[in-house]
Amino acid sequence: MLQSIFYGLTIGGILYITSIGLSLTFGAMRIVNFAHGMVYSVGAYGLYYLSHSLGLPFLVAALGSLLLAIPLSYVIERLVIRRLYGQSIDYAIVATYAVLLIGVDAIKWIFGPNPLPISDPVGISLNLGFLEMPVYRLIIIGLSFLIFVGLSIFFKKTIVGKIVVAGLQDREAVRSLGINIDRYFAIVFVLGSALAALGGVLYAPLSTVQPYMGFQVLVLTFAVVIVGGMGNFRGTAIAAFSLGLIIALTGRIWGPAAEAMVFVVMAVVLIIRPIEV
Amino acid sequence: MLKRIEQSPPLTLLVVAAAFFVYGYSTSLFKITDFIIFTIFVLGFDMAYGQMGKLSFGHMLYYGAGSYGAGLCAIHVYPDPFLAILAGMIFGAALGLILGPVLVKLKGAAFALSNLAFNQLGYFLVLVPFAPVTGGEDGISLSFNSYGFIDFSDFNFRFYFYLACLLGVVFLYQRFTRAPYGIFLRATKENEIRVRFLGYNTQVFKVVTFVISTTLSGLAGALNALNLQFTNTSLIDPTRSVEVIFAALMGGAGNVLGAVMGGMAFMTIRQYLADYLVRWEMFLGIALLFIAFKLRKGLYGVLAKG
């Protein structure tokens, strides 16, 4: 039981890190960004390429693939997202999904369709007798808490964060102060994408990397965003960890149902509290 | 010219029938039955998207429900092809009735993603818990009774029967969109609050439209099960939902001819170009980007203007 809770927190941490960007883009720009899943897989594949093919140490490879995600997401923002502001949300869905398809296929082209393994970079477990805790998973949980605290400070204390929060509430009012809000949203977009890549990097050693991993995580992160509320930082965190726990605990009772359970929760939330988008 | 055809229902039926006849006899009737099934599916999807303005990202769920409805009916009840088709439609309609009241309240992204989530759930249910009934990943193979010339294993008969189904759907679609009901739907799409202000219960109309959409998708799924003589999980795979969206957008949403053109064009690309396009998903992605930015009215929009 404790073991399952521990695993659930790990999944929750990764879901949280991956979902922030999606929640922010949604809250800030009213754009559903399917391309988010692509950046996530690029993070994981970047890690695979740098650490396995080039033989770099894990930390360097992880940083390298995060750095790779930044220009990539900037290009996506510039070429696709920026052209969709204020337009029918259907086209945003279609266009960003198209980016996801292109990314998935490019990955298949370069790395082949088969899953690739990445080994646990730490490889040590803390054994407490009743509970075995791989250190790598502990690091993930710790990192997700650090990011939560860091983002809270970022949005409360820094001027960039404050502008973004204000822009989330009333975009026009911020613009009338002479602030180019789109530029700040672009920063947030790149930040969120880099975090998605981090999610991919962190998840890769727990499982294998495969071309459709972005698609799978995307549906889960959407569930997180819908359960937690769009553009709601704290809600996203709570939803991510709760859903992570639900996945792990359901998986303990009946393995195959683990991810399906998330959608049941999401459906219930939607019925109780329909969102207006 | 396209506009004039679209405005006259008998002419539309004639043009659609002629198009499939010419295409079928100049290539192969066997392949064109696939095209017809997919076109019915596009029309079903377009009922929700084009008429009601709700983009679903999980319409494969209703298609798959139709396939499995037909398949399970043939195995467990009676292997009559018409009963199977009816069962498929009932499955599609039932899912629409259960999920519709919740789903149609949602808008935009929430509607799209909730459909996707339900599709994932349905896929999982078919794949794992119901595997003893549905055959899991392997699926089930089917055989149907034949009565004289009514023989679903003969592709000539299938072609004519499916074409008749398509023409029936086209006819009904046009009747719906031309009736006050269709005008009402478009009004709701434009401004729902005003329509409610006039005293109409928009929720009921939206659920009805959604059920029509899922029933048509179920019909397409059932016809496909009869066509393939088997069902498996690829018929309910959520990642394939993008195909119907692509076809509907490419043809031009919101009218019959657009949906038919989209269905035919998509299937043509998949049948004949897919062999040369090694990177199928990349092609699909680039084409979707092009549609989203440059071709919003679809083929119909381009051709009707010229």
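Note that the structure is predicted; figures quoted are calculated from it, not measured. (Residues numbered from 1 in each chain as written. Chains lettered and ligands numbered in written order. Predicted model: local features only at pLDDT ≥ 70, side-chain atom pairs only at ≥ 80, totals over all residues. Heavy atoms only, no water.)

**Q** How would you summarise the overall build of chain A if you had to cite specific residues and measurements?
**A** Helix and strand counts for chain A come out as 11 helices and 4 strands. In terms of overall dimensions, chain A is globule-like: its C-alpha atoms have a radius of gyration of 18 Å, near the 19 Å expected for 277 residues. Reported as C-alpha extents along the three principal axes, the dimensions of chain A are approximately 60 × 45 × 35 Å. Taken across its 277 residues, chain A has 55% of its residues classed as buried. Restricting the contact set of chain A to residue pairs at least 6 apart, pairs at least 24 apart contribute 76%. Total accessible area on chain A is roughly 11600 Å²; 68% of this is exposed by carbon and sulfur atoms. (Helix = DSSP H or I, 4+ residues; strand = E, 2+ residues; numbered from the N terminus. Rg over C-alpha atoms; globule rule 2.2 N^0.38 Å. Buried < 20%, exposed > 50% of the residue type's maximum accessible area, 1.4 Å probe, protein only. Contact = heavy atoms within 4.5 Å. Areas by Shrake-Rupley, 256 points an atom, 1.4 Å probe, with all protein chains shown as cover.)

**Q** Would you mind going over the overall build of chain B in detail, with residue names and values included?
**A** Helix and strand counts for chain B stand at 15 helices and 2 strands. Its C-alpha radius of gyration of 19 Å places chain B within 12% of the 19 Å reference for a compact globule of 306 residues. Counted over contacts in chain B with a minimum sequence separation of 6, partners at least 24 positions apart contribute 80%. Carbon together with sulfur atoms contributes 67% to the accessible area of chain B, which is approximately 12400 Å² in total. Computed over 21 positive and 14 negative side-chain charges, the separation of the two mean positions in chain B equals 17 Å. (Lys, Arg positive; Asp, Glu negative; His and termini not counted. Charge placed at Lys NZ, Arg CZ, Asp CG, Glu CD.)

**Q** Please set out the interface of chain B and chain A residue by residue, giving values where relevant.
**A** The partner chain A presents 43 residues to the 38 residues of chain B that form the contact. Between chain B and chain A we count 2 salt bridges in total. Note that Arg 279 of chain B and Asp 105 of chain A form a salt bridge whose closest N and O atoms lie 3.2 Å from each other. Summed over the shared surface of chain B and chain A, the result is 4 residue pairs in polar contact (both at pLDDT 80 or more). Going through the elements one at a time, α6 (108-127), α12 (241-251) and α14 (280-294) of chain B are the ones with two or more residues in the side of chain B that touches chain A. Residue contributions to the side of chain B that touches chain A peak at 12 residues, all from α6 of chain B. In terms of residue class, the side of chain B that touches chain A is built from 27 nonpolar, 6 polar and 5 charged. (Salt bridge = Lys/Arg side-chain N within 4 Å of Asp/Glu carboxyl O. Polar contact = N/O pair within 3.5 Å; in protein donor to acceptor, adjacent residues only side chain to side chain. Nonpolar A, V, L, I, M, F, W, Y, C, P; charged D, E, K, R; others polar.)

**Q** Tell me about the packing of helix α8 (residues 155-178) of chain B against helix α11 (residues 202-228) of chain B, residues and numbers included.
**A** All names here are of chain B. Here α8 crosses α11 at 175 degrees, and the two axes come no closer than 12 Å. Compared by their axis directions, α8 and α11 come out roughly antiparallel. Along its contact with α8, which presents Arg 158, Phe 161, Tyr 162, Cys 165, Val 169 and Phe 176, the element α11 presents Ile 212, Leu 216, Leu 219, Leu 223, Leu 226 and Asn 227. Looking at side-chain class alone, the contact of α8 with α11 contains 10 nonpolar, 1 polar and 1 charged residues. (Axes fitted to C-alpha atoms, helices over the stretch in contact; angles between N-to-C directions. Parallel < 35°, antiparallel > 145°, perpendicular 65-115°, else oblique.)

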